[in-house]
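Coordinate analysis (summary)
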Amino acid sequence: MTFLSRMSPVRAWSDLRYFLTTRERHEWWFLVAAIAVTLFLIYAFAKDSYMEKEYKPQIVYVQQWRLDRTDAQIVAQQKIDQVKKDAELAELKKRQDATRASFKRLDDKLTKMGI
């Protein structure tokens, strides 16, 4: 324990102050650059280490039909289902067009930059 008894926070602080006051101006810039690179790498690793959401299965329920349905009932149900299907397809097309437009804007920006 005699080794640790010679250590003092006050002496360590004064030693650090002396060391930092004897540095040249260009050494301070290298210190700032080294700290910036280190912080960037820490940030990049922290940003990249996200956890994906837990997979939850999507349950699709199937409607059960009676065997004695008439053709008119079948056609009527198909018309009702077609309206729902058309609405879903329109929503999907709208989302695809929005995504396509955003990629087009990005491609135009990159083309302007020469990439």
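About the thresholds
Each chain carries its own residue numbering, running from 1 in the direction its sequence is written. Restriction of local features to residues with pLDDT of at least 70 applies here, the model being predicted, together with a cutoff of 80 or more for giving and counting side-chain atom pairs; totals for whole chains, interfaces and linings are based on all residues. As a rule here, side-chain values cover all heavy atoms of the structure and leave hydrogens and water aside. Runs of H or I in DSSP of at least four residues are treated as helices and runs of E of at least two as strands, each being numbered from the N terminus. Helix span, as expected, comes to 1.5 Å for every residue beyond the first. Aromatic contacts are taken between Phe, Tyr and Trp rings whose centres are within 6.5 Å, Trp giving its six-membered ring; a plane angle under 30 degrees counts as stacked, one over 60 as edge-to-face, and the others as tilted. Only Lys NZ and Arg CZ are tested; either one counts as a charge over a ring when it is within 6 Å of the ring centre and within 35 degrees of the ring normal. The classification of residues rests on relative accessible area computed with a 1.4 Å probe and restricted to protein chains. Under 20% of the type maximum is buried, over 50% is exposed, and intermediate values are partly exposed. What pLDDT conveys is the predictor's confidence in a given residue, as a value from 0 to 100. When a carboxyl oxygen of Asp or Glu lies within 4 Å of a side-chain nitrogen of Lys or Arg, that pair is called a salt bridge. What goes into a patch is any residue over 30% in relative accessible area without a salt bridge, connected to like charges within 9 Å or, for nonpolar side chains (Val, Leu, Ile, Met, Phe, Trp, Tyr), within 5 Å. Method for areas: the Shrake-Rupley scheme with a 1.4 Å probe, in which residue coverage is limited to the protein chains shown.

1. Considering helix α4 (residues 71-113)
Taking 1.5 Å per residue as the helical rise, α4 with its 43 residues ought to reach 63 Å, and the 61 Å between its terminal C-alpha atoms agrees with that figure. Just beyond α4, the residue with positive phi is Gly-114, at close to 90°.

2. Observations concerning the packing of aromatic side chains
Applying the stated criterion to the full structure yields 0 aromatic pairs. Here Arg-23 stacks its cationic end above the ring of Phe-19, 4.1 Å away from the centre of that ring.

3. Structural notes on helix α2 (residues 9-21)
Here α2 is 13 residues long and its end C-alpha atoms lie 18 Å apart, about the 18 Å a rise of 1.5 Å per residue gives. Counting buried residues in α2 gives 0 out of 13 residues, a small share hidden from the surface.

4. Section: the environment of Gln-96
With respect to the element layout, Gln-96 can be found in helix α4. You can call Gln-96 partly exposed: its relative accessible area is 40%. Linking Gln-96 and Ala-12, residues 84 residues apart in sequence, is a C-alpha distance of 63 Å.

5. Here's the deal with the confidence of the model for the protein
Looking at the protein as a whole, its pLDDT mean stands at 90, while 99% of the residues score no less than 70. At the low end of the mean pLDDT range in the protein sits helix α1 (residues 2-5), at 73; at the high end sits α4, at 95.

6. So, the pattern of salt bridges
Applying the stated criterion to the full structure yields 6 salt bridges. Between Asp-68 and Arg-66 there is a salt bridge whose closest N-O contact spans 2.9 Å. Residue Asp-68 shares its accessibility class with Arg-66, and that shared class is exposed. With a shortest N-O distance of 3.5 Å, Asp-97 and Lys-93 are connected by a salt bridge. With Asp-97 and Lys-93 both in helix α4 and 4 residues apart, the pair spans about one turn of that helix.

7. Some details on a nonpolar patch on the surface
Together, Trp-13, Leu-16, Phe-19, Leu-20, Trp-28, Leu-31, Ile-35, Leu-39 and Ile-42 make up an exposed nonpolar region whose accessible area comes to about 880 Å². For the nonpolar patch, the elements supplying multiple residues, two or more each, are α2 and α3 (25-48). You can see Leu-20 is positioned in helix α2.

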